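One letter stands for each residue in the lines below.
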Amino acid sequence: MKKKSEAKKEVKKISIQEGISISRIYNYSDDCTFFNLHIDNTPVGEITINGCKLISTQKSDFISLPSRKGDDDKYFSHVFFKITDELTSKIIDAISDNI
């Protein structure tokens, strides 16, 4: 029997396109949904970005990558990369289908 610390919980991943998937979709409020973004086949293996958000506004929906509020009350990103409009649409559709 595995010790509790050794047991790995299987995470259901939803494939968005080749090499990109999302998991752990959590609807926080009517206008904010958290999820994790997985990028496979990078030179260093799989990269997982925890704490991404889908933000819904009256104007549009957009993806916000993790950030932290500094002592000066400004927000600073932990991760930055360009998510294409096509990939954004696919992620939004996948989240909408699974919440």
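Before any of the text, the structure's been laid out above.
Calculation criteria
Residues numbered from 1 in each chain as written. Predicted model: local features only at pLDDT ≥ 70, side-chain atom pairs only at ≥ 80, totals over all residues. Heavy atoms only, no water. Pairing = 2+ DSSP bridges. Helix = DSSP H or I, 4+ residues; strand = E, 2+ residues; numbered from the N terminus. Axes fitted to C-alpha atoms, helices over the stretch in contact; angles between N-to-C directions. Contact = heavy atoms within 4.5 Å. Salt bridge = Lys/Arg side-chain N within 4 Å of Asp/Glu carboxyl O.

Undergrad: Where do I start with the sheet that holds strand β5 (residues 61–64) in this structure?
TA: To summarise the sheet geometry, strands pair through backbone hydrogen bonds and adopt either a parallel or an antiparallel arrangement. In space, the 5 strands of this open sheet follow the order β1-β2-β3-β4-β5, with antiparallel pairing throughout. Two strands bound the open sheet, and with one partner strand each, they are β1 (13–17) and β5. Here the strands of the sheet are splayed against their neighbours by 35° on average, with no regard to which way each runs. Taken together, the 4 bridges between strand β4 (residues 45–56) and β5 define a ladder with antiparallel strand orientation. Counterpart to I55 in the pairing with β5 is F62. Those strands touched by helix α1 (residues 85–98) are β1, β2 (20–29), β3 (32–42), β4 and β5, and its axis lies near 150° from that of β1.

Undergrad: Where do I start with the pattern of salt bridges in this structure?
TA: Note on pairing: side chains with opposite charge can pair once their charged atoms come close. Summed over all chains, the structure comprises 3 salt bridges. Close ionic contact of D73 with K69 constitutes a salt bridge, the shortest N to O distance being 3.9 Å.

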